[in-house]
Every structure is written in structure tokens, then in C-alpha cells.
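Residue-level structure breakdown
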Amino acid sequence: MSILIKNGIIITHKDIFNANILIKNKKIHSITREDIEVDIVINAEDKIVMPGIIDSHVHFRQPGGKSEDWESGSKAAIAGGVTTVIDMPNNIPPTTTIDNLIKKKEIIEKSNILVNYGLHFGVTEDNLEEVKKVIGKDLERTLVASAKIFMAKSTGNLLVRNLNVIENVIRNSKMVTVHAEDEEIIEKFPSRPKLAVISAINKLLPFANLGKICILHITSIEEAKLASPFYKEVTPHHLFLNSSILKKLGNYAKVNPPLRDEKDRLSLWEAINNNLIDYIASDHAPHLKEDKEKEDAPSGVPGVETMLPLMINAALNKLISFQRLVELMCYNPSRIFRLKNKGIIEAGADADIVIVDRKIEKKVSADDLHYKCKWTPYEGMYLKGWPIMTIINGEIAYKNGEFFKIKGNEVIYE
Ligand code: DOR
Ligand code: ZN
């Protein structure tokens, strides 16, 4: 099947230009000014056409959880312009053995998965041998995107306290992602959450030259500066919400690391625009309302479907340039996690594309979103610029609220 996306405003990490995109055999065949005869013509005049979003930090909860599954998570992703997700290992059972990794893949492959996917592997105090087999430095092709280390307890019970273990994992892995909150500090000084992050980053600094390390969910420019030798991720909730919303949302706004004050939130935008941040990922961490209503509620907020609309709205308000947006949400995550043929619009790349109508303004409402948990911390916010079409592997997967039956593929790591 061939598709021509005509006359769109194409945005890549380095350019903005008008052209047509010819898609053939699941790939971008060429960028052209010509009118070519094809099976499907998509008129993208006055619309933004960009690489599909890569969300390298989601929790789709299967196996083991009830707050999302691969079908609902996929739908939310592609309605939000996300064409590839990389899922975290804090499942039940956790993805910390090769056996559990294989079983998780089987579950995913059997599900109605619409989005392309990859997986992170969980680190425990004693699974270095398994880590080496899935993400080892000398593997030609890794089986996962990273070895994920939880330095603090969060949802699930993955926790690594032993710094020797952390050092060895870094020495032996192609990429390590870290939930950098120091459990010791959280236990000793529960009212000082920022100190917990600073302390965790400080513990990692001596390992900076031993391997590639990515610090997840940075919450202030101070942390970004301290973590300068590492890759750094930022989430939309730390960019768009501050701690004052806890008064309104209570435990619905409870998340690890916690939302910060307005000053820190603004400092993250400064960090983004001063090249101190490498990529944005949602940390989509849905929990059912019945669990969030409990006094001892779990931490996490959903976000995979609202991440792009929030960022497009921010770009329209000049908080960030469109090219930088594409760099942070497509190009960089693809490079950092070694995803073959993703995150770019050029001949030979996978045809994963999102088309955005920058003129559509909509109020965010959980009723319109596709999460199983049926709530969002952005309820009632007006956002301009929404995805109207998402193309995955050269096929239209989503168009104006309608889903088409396609199957997402596992990514290939370079
Ligand atoms: O708030 C969070 N929720 N932070 C995490 O690190 C885990 C996540 C989850 O899985 O619920
Ligand atoms: Zn997470």
C-alpha cells in the first residue's frame, strides 16, 4: 500500500518545511514536491506533520495490574500521537528474569497492541547475569532498551540499595535508566523529597564514566545541572503541574518523584531551553480511582495521551520551539535507546507519523481519553493543537477518534 501525505508542514528535529511524504511498504520512501499516484492521498495542508512520538517511559501494567492493559494503553498512545512506547518492568511478576521477559512479550504479542513497543528490564540485587544476557555491553543486538534501577521503592517492589550492584550493572550494560530517589533519605527524612533526588544523583556521579546512564524524571534545573554527565528525562507532569494542585486533587496528584513548587517547575522549562534535558517521556503510571481514593494511595499519574497536546500547546505559546519539541520527543529518545529507523522523517525510516491540527482547541476531559483508569490530572485544561491522524508502520492507525485494526511491532535495537 502507498500513501502520499500532501502539503504538510513537516517538522523534524532540525527543520521546518513544506513537502509531500511518500510512504511505501511500511517505510518513508521519499520526501518530495511531486504529485505521485498512490492508493491513499492525505491532504495535510496547514497541518503539522512530524515523526510519531516515542514515549520511552510507560507503565501499561500487564502482566499483573488492572489499571491498564496493552489494548487500552495502545489506544491512548496512538490517539495522543505516540507511535512507540517502552514499558517499565515493575509488573507482577517483575520483568527481572529472562523467563518473565519472554512471558511478558508473549502476553503483549497476544494482545490487541496497536502501538510499536520496546521493554526495559528490571534490576535486582542479584540478577546481573540475566542483565548481561539482555542488555550486555558486548551483545550485538540487545533484547531490551535499558536495565532499570529503582533506587527507591515505588509501585511494585523493585529496589536496589547496594551501590556495588549498581556499579556492576552500569559497567556491564549498554544503557541503564535510574529512578533516582535515595530510599535511605526518604526513610530518614520523609519531608525532604528533593534531598532524596540530589542524594541519589550524587551516589551515581562516581560511576559516570563506567557506562551510559539515564536519570529519569528530573524535577528541577538544580538536579539537571548536577546530573550533567548523564542523559536526563523530564515528564509532562513536572513541566505542567506544581505541588499546589495537591490541594485540589489530593492523592490523584501523588507521584514519585513528587510534584515540585512553581519555582522548580519553571526552572525545568529553563533547563529544557538551555539543552540541559535530553528527552521527554510521560511516565504514564495509571492507577484505578478506587486505589487513588485510599488513604495510602499508590503513586503515579496517567499521561501518555495528553503529553503531545500539552507540548504542542506549549510550543504554540512559545515556551519551546517546534524543532526542539521533535528533538525531545522523537529524535533523542530514538538515539538514546538505539531504536532502529525511528524518530526521523527521511527516506528509509519507518513510516511512524503523527499529523496535528494546530487550530483545534479542546478541553481535556477523561471521558474523551482512552485510559482504563478514566481520570487525568489535566481535567478541564484547554489545549490547542491535537493529533488528528497517527500512522504506524505505514498504515493509518488512528483518524479523528477512530481506530483501525493494525498491529504494532517490537522495536529493533541498534
Ligand atoms: O509515581 C510513580 N509511579 N513513580 C514510579 O516510579 C512508579 C510509578 C508506577 O509504576 O506507578
Ligand atoms: Zn515510571
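Relevant structure appears above.
Quick caveat, the model's predicted, so the values are computed rather than measured. (Residues numbered from 1 in each chain as written. Chains lettered and ligands numbered in written order. Predicted model: local features only at pLDDT ≥ 70, side-chain atom pairs only at ≥ 80, totals over all residues. Heavy atoms only, no water.)

Topic: empty space enclosed by the protein
Empty space among the atoms becomes apparent when a probe as large as a water molecule is rolled across them. Taken as a whole and assessed by the stated rule, the structure comprises one cavity of 30 Å³ or more. What lines the largest cavity is a set of 17 residues, among which H59, S154, D283, A285 and S299 lie closest to the centre. Residues of the lining of the largest cavity, tallied by class, amount to three nonpolar, eleven polar and three charged. (1 Å grid on protein atoms, 1.4 Å probe; cavity = no way out; pocket = protein on both sides within 12 Å on 5 of 7 lines; lining within 4 Å. Points joined across faces, edges and corners; volume = space filled by probe spheres on them. Nonpolar A, V, L, I, M, F, W, Y, C, P; charged D, E, K, R; others polar.)

Looking at the packing of aromatic side chains
The final tally for this structure, using the stated rule, is six aromatic pairs. Between F60 and W70 the ring centres are 5.1 Å apart and the planes differ by 75°, which places this aromatic pair in the edge-to-face class. One end of the pair, F60, is in the loop between β6 (53–58) and α1 (70–79); the other, W70, is in helix α1, and ten residues separate them in sequence. The class for F60 is buried, based on a relative accessible area of 0%. Note on Y398 and F403: the rings are 5.2 Å apart at their centroids and 55° apart in plane angle, and the pair reads as tilted. Of the residues examined, Y398 reaches a relative accessible area of 8% and is grouped as buried. A network of ring pairs unites the aromatic residues F60, W70 and Y117 as a single cluster. Over the ring of F403 we find K75; its NZ or CZ atom is 5.3 Å from the centre of that ring. Positioned above the aromatic ring of W386 is the side chain of K362, whose terminal nitrogen or guanidinium carbon lies 4.5 Å from the ring centre. (Phe/Tyr/Trp six-rings, centres within 6.5 Å; stacked < 30°, edge-to-face > 60°. Helix = DSSP H or I, 4+ residues; strand = E, 2+ residues; numbered from the N terminus. Buried < 20%, exposed > 50% of the residue type's maximum accessible area, 1.4 Å probe, protein only. Lys NZ or Arg CZ within 6 Å of the ring centre and 35° of its normal.)

Re the coordination of the zinc ion (ligand 2)
Here the zinc ion (ligand 2) is held by H57 (NE2), H59 (NE2) and D283 (OD), and the distances to it run 2.0 to 2.2 Å. When the donors of the zinc ion (ligand 2) are listed by position in the chain, the intervening gaps give H-x1-H-x223-D. Across this residue pair, the class does not change: H57 and H59 are buried. (Donors = N, O, S within 2.8 Å, 3.2 Å for Na, K, Ca; no water.)

Observations regarding the environment of V411
The topology assignment puts V411 in the segment after β18 (402–403). Since its relative accessible area comes to 8%, V411 is described here as buried. In this structure, the C-alpha to C-alpha distance between V411 and A145, residues 266 residues apart in sequence, is 9.3 Å. Setting aside residues up to four positions removed in sequence, V411 forms contacts with T84, Y117, G118, L339 and K342. (Contact = heavy atoms within 4.5 Å.)

Notes on the packing of helix α3 (residues 128–135) against helix α4 (residues 163–172)
Closest axis-to-axis distance for the α3/α4 pair is 10 Å, and the angle between their directions is 25°. Judged by the angle between their axes, α3 and α4 are roughly parallel. For the crossing formed where α3 meets α4, the hand is right-handed. Here L128, V131, K132 and I135 of α3 lie close against α4, whose contacting residues are N168, V169 and N172. Taken together, the residues that form the contact of α3 with α4 break down as four nonpolar, two polar and one charged. (Axes fitted to C-alpha atoms, helices over the stretch in contact; angles between N-to-C directions. Parallel < 35°, antiparallel > 145°, perpendicular 65-115°, else oblique. Left-handed = near helix turned anticlockwise from the far one by under 90°.)

Overview of unusual backbone geometry
Following Q62, the chain continues into P63 via a peptide bond in cis, with omega recorded as 10°. Topologically, P63 is positioned in the loop between β6 and α1. In this model, R61 sits at a positive phi of 70°, which is unusual for a non-glycine residue. Here R61 shows up in the loop between β6 and α1.

With respect to the pattern of salt bridges
The full count for this structure, using the stated rule, is 24 salt bridges. Close ionic contact of K27 with D350 constitutes a salt bridge, the shortest N to O distance being 2.7 Å. Residue K27 is located in strand β3 (residues 27–32), and its partner D350 is located in the loop between α13 (322–336) and β15 (353–363); the two are separated by 323 residues in the primary sequence. By relative accessible area, K27 is classed as partly exposed at 31%. Residue class for D350 comes out buried when judged on its relative accessible area of 14%. The shortest N-O distance in the salt bridge between K342 and D350 comes to 2.7 Å. Judged by relative accessible area, K342 falls into the buried class, the value being 5%. A cluster of three or more residues bridged by salt bridges with shared partners is formed by K27, K342, D350 and D352. (Salt bridge = Lys/Arg side-chain N within 4 Å of Asp/Glu carboxyl O.)

Note that every value here comes from positions in space, so none of it alone points to a role or purpose.
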